[in-house]
Number of protein chains: 2
Amino acid sequence: MLVEGVDFTRDAMSLEDAGWRSMAANLSDLAAMGARPVLATVALGLSEATSGDDVRRLYAGIAACAQRWKLAIAGGDLSRAPALTVAIAVVGEVRASHAKRRGGGRPGDVLAVTGALGSARAGLELSRKPQAIAPELSESARQAFSRPQPRVDEGRFLAASTAVRALIDLSDGLSTDLGRLAAAGECGAELHSVPVADDARAVARARGEEPEAFALAGGEDFELLAAIRARAFPHLAARYAARFARPLLPIGVLREGSGVIWNGAPLPRTGWDHFAP
Amino acid sequence: MLVEGVDFTRDAMSLEDAGWRSMAANLSDLAAMGARPVLATVALGLSEATSGDDVRRLYAGIAACAQRWKLAIAGGDLSRAPALTVAIAVVGEVRASHAKRRGGGRPGDVLAVTGALGSARAGLELSRKPQAIAPELSESARQAFSRPQPRVDEGRFLAASTAVRALIDLSDGLSTDLGRLAAAGECGAELHSVPVADDARAVARARGEEPEAFALAGGEDFELLAAIRARAFPHLAARYAARFARPLLPIGVLREGSGVIWNGAPLPRTGWDHFAP
């Protein structure tokens with residue numbers, strides 16, 4: 001459920017982009033279970049201030065994202081509401097033996113992500129305050145923020161491997177979602193490195209921030225985080241790179257205990273919390 | 001999608017009832033296609049004024065209705081929102097050859113409903129202004145409004161018959177939904193009688209209103225309206241009565257042309273329109 005003024009504002013993104021993002025966030029949840037997208041329902045709450053053109057723009061973004069991943073929009077609803085509201089539900093299919101959850105990780109498992117992090121946050125920050133960085137980095141950050149790509153194919157690939165014991169999508173930021181994956185498996189974790197996307201590094205530096213901390217707190221990258229049996233990791237990573245022409249990036253390990261250690265100290269959860277004060 | 005202040009208010013119903021109704025409305029849509037309920041997702045938008053107890057009450061009503069029809073709640077979401085918002089999506093299963101739509105009716109088909117109408121509206125009116133009517137009628141109206149029963153089994157029974165050519169649920173009132181069923185089949189309709197529930201008749205009379213008009217305009221009864229091949233109607237109605245111990249009530253016929261005729265005059269749509277001025 002995305003609500004205008006809470007989850008998005010029109011000064012930070014177009015309604016097409018808000019529509020795309022709302023569908024992409026749902027597809028990312030399917031990706032994190034290794035499911036094939038099948039159908040979606042779309043319910044819209046329209047405020048007095050919502051015009052017909054607004055609805056068309058919002059829906060165009062929703063439909064474009066659905067079409068990209070071959071998802072049928074099978075139903076929905078319209079209501080009046082005090083703020084423009086988008087509630088999307090998706091249904092996917094996955095072989096029961098392949099379906100992954102966030103709680104299957106075990107001490108010793110390698111933690112790996114499907115891509116470098118921080119691009120979506122970089123795009124958000126640029127939408128708020130432009131920075132003097134290379135135009136191609138600015139454009140890639142803008143794309144990552146406005147048209148995020150859920151890792152549906154990557155999720156299906158990873159879920160099909162018995163070496164992958166837990167999967168989660170990084171919708172709320174690595175610092176938050178890594179803690180969730182570890183806690184769900186009743187493990188702790190050691191984070192060894194944070195792969196920072198080039199655009200995120202440039203924006204962080206322009207803002208005088210430490211790139212790793214910037215990327216750790218950045219939500220909505222929609223990359224996947226996997227816990228993988230250590231012995232099987234090298235072979236799986238090789239197959240992954242051959243299939244997707246991008247590396248599966250190791251970032252740390254699960255360990256006995258609880259909490260996440262980063263640079264020798266407990267990692268605070270700096271990601272997105274919907275009900276934080 | 002139900003929004004507090006638009007689709008429900010706490011002075012007219014408890015949050016448990018609002019939760020039940022929100023799930024029942026979804027199940028009624030499945031019933032109208034003849035589908036077996038399989039799973040639901042529940043997204044809640046919580047306003048600043050929403051307490052933890054409010055959420056528990058709302059969810060208890062949602063869960064009670066889901067349990068009654070053996071529906072798994074398979075996922076969902078939470079967001080902040082300016083008004084308490086419930087967005088439920090349901091998935092059902094139906095054999096492709098059984099699935100009904102609203103547009104299959106043909107001139108000559110008998111129109112029939114699964115129950116007498118107006119009870120939910122009677123309950124709504126009583127919640128706004130008590131009337132001196134028999135206590136058992138007051139109670140039945142209150143129940144119909146607060147705990148409506150979607151006709152899931154009746155819908156599956158009707159959908160399994162090839163004699164049933166179109167189905168719709170009466171969520172927006174007979175005057176509106178009959179017009180929709182006729183128009184979807186590119187037909188007109190003649191309404192011969194409006195079966196009025198006893199409680200609705202009593203409330204209408206106490207308010208000085210004509211009972212048929214009262215029932216025609218009353219939404220959210222969640223009875224089903226079917227268009228049935230005329231020759232097959234008697235046999236189907238007999239089997240229906242034997243199965244459900246309630247009659248399948250004939251109310252009119254589809255005819256060539258367009259529009260709905262009632263008492264020799266065009267029937268206005270007096271039911272619920274979400275975006276009426």
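Residues numbered from 1 in each chain as written. Chains lettered and ligands numbered in written order. Predicted model: local features only at pLDDT ≥ 70, side-chain atom pairs only at ≥ 80, totals over all residues. Heavy atoms only, no water.

> Residue-level account of unusual backbone geometry, with values.
All names here are of chain A. Of note, the phi angle at Glu-186 is positive, near 55°, even though the residue is not glycine. Assignment of secondary structure puts Glu-186 in the loop between α6 (174–184) and β7 (188–191). According to the relative accessible area criterion, Glu-186 is exposed, its value standing at 71%. Phi is positive for Glu-220, which is not a glycine, with a value near 65°. Summarising the element assignment, Glu-220 is placed in the loop between α8 (211–217) and β8 (224–228). (Helix = DSSP H or I, 4+ residues; strand = E, 2+ residues; numbered from the N terminus. Buried < 20%, exposed > 50% of the residue type's maximum accessible area, 1.4 Å probe, protein only.)

> Can you tell me about the nonpolar core, naming the residues and giving the values?
Judged by nonpolar contacts, the single largest core of 48 residues is most densely connected at B:Met23, B:Ile228 and B:Leu248. At eight residues, helix α1 (residues 15–31) of chain B tops the list of elements feeding residues into this core. Listed in part, the 46 residues of the second largest apolar core include A:Phe145, A:Leu158, A:Ala226 and A:Ala237. (Core = buried A, V, L, I, M, F, W, Y, C linked by side-chain atoms within 4.5 Å.)

> Help me get a handle on the sheet that holds strand β1 (residues 2–3) of chain A, residues and values and all.
All names here are of chain A. With mixed pairing, the four strands of this open sheet are ordered in space as β1-β4-β2-β3. Of all the strands in the sheet, the pair left with one neighbour each is β1 and β3 (72–80). Examined bridge by bridge, strand β2 (residues 36–46) and strand β4 (residues 85–93) share nine bridges and lie antiparallel to one another. Considered in β4, the bridge of Leu-44 is made with Val-86. Sheet strands in contact with helix α2 (residues 52–68) are β2, β3 and β4, and its direction is about 170° off that of β2. (Pairing = 2+ DSSP bridges. Contact = heavy atoms within 4.5 Å. Axes fitted to C-alpha atoms, helices over the stretch in contact; angles between N-to-C directions.)

> Can you break down the interface of chain B and chain A residue by residue, with the values?
Taken together, the contact pairs 22 residues of chain B with 22 residues of chain A. Summing both sides of the interface, chain B and chain A together bury roughly 1800 Å²; the carbon and sulfur share of this comes to 72%. Linking chain B with chain A are zero salt bridges, by the criterion used here. Taken together, chain B and chain A are joined by four residue pairs in polar contact (both at pLDDT 80 or more). Among the secondary structure elements, those contributing two or more residues to the side of chain B that touches chain A are β2 (36–46), β3 (72–80) and β4 (85–93) of chain B. Broken down by element, the residue count for the side of chain B that touches chain A peaks at five residues, all from β2(B). (Buried area = accessible area lost by both parts, 1.4 Å probe. Salt bridge = Lys/Arg side-chain N within 4 Å of Asp/Glu carboxyl O. Polar contact = N/O pair within 3.5 Å; in protein donor to acceptor, adjacent residues only side chain to side chain.)

> Could you give an account of the relation of the copies chain B and chain A, with specific residues and numbers?
It takes a turn of 180° to lay chain B on chain A, together with a shift of 0.0 Å along the axis; the resulting RMSD is 0.0 Å. Considering both components of the superposition, the chain copies are consistent with a two-fold axis. Both copies share a contact surface, since 100% of the interface residues of chain B are interface residues in chain A too. (Least-squares fit on C-alpha atoms with pLDDT ≥ 70 in both.)

> Give me the packing of aromatic side chains: which residues, what numbers.
Two aromatic rings, taken as a pair, are described by how far apart their centres are and by the angle between their planes. For the structure shown, the criterion picks out eight aromatic pairs over all chains. Between A:Phe157 and A:Phe244, the aromatic rings sit 5.6 Å apart at their centres with planes inclined by 85°, giving edge-to-face as the arrangement. One end of the pair, A:Phe157, is in helix α5 (residues 152–159); the other, A:Phe244, is in helix α9 (residues 233–244), and 87 residues separate them in sequence. Residue A:Phe244 is classed as buried on the basis of its relative accessible area, which comes to 15%. Judged by centre distance (4.8 Å) and plane angle (45°), the rings of B:Tyr240 and B:Phe244 are tilted. Placement of both B:Tyr240 and B:Phe244 in helix α9 (residues 233–244) is noted, with a separation of four residues, approximately one turn of the helix. With respect to class, B:Tyr240 is no different from B:Phe244; both count as buried. Joined through ring pairs, the aromatic side chains of A:Phe157, A:Tyr240 and A:Phe244 make up one cluster. Positioned over the ring face of A:Trp69 is A:Arg68, at 4.1 Å from the centre of the ring. (Phe/Tyr/Trp six-rings, centres within 6.5 Å; stacked < 30°, edge-to-face > 60°. Lys NZ or Arg CZ within 6 Å of the ring centre and 35° of its normal.)

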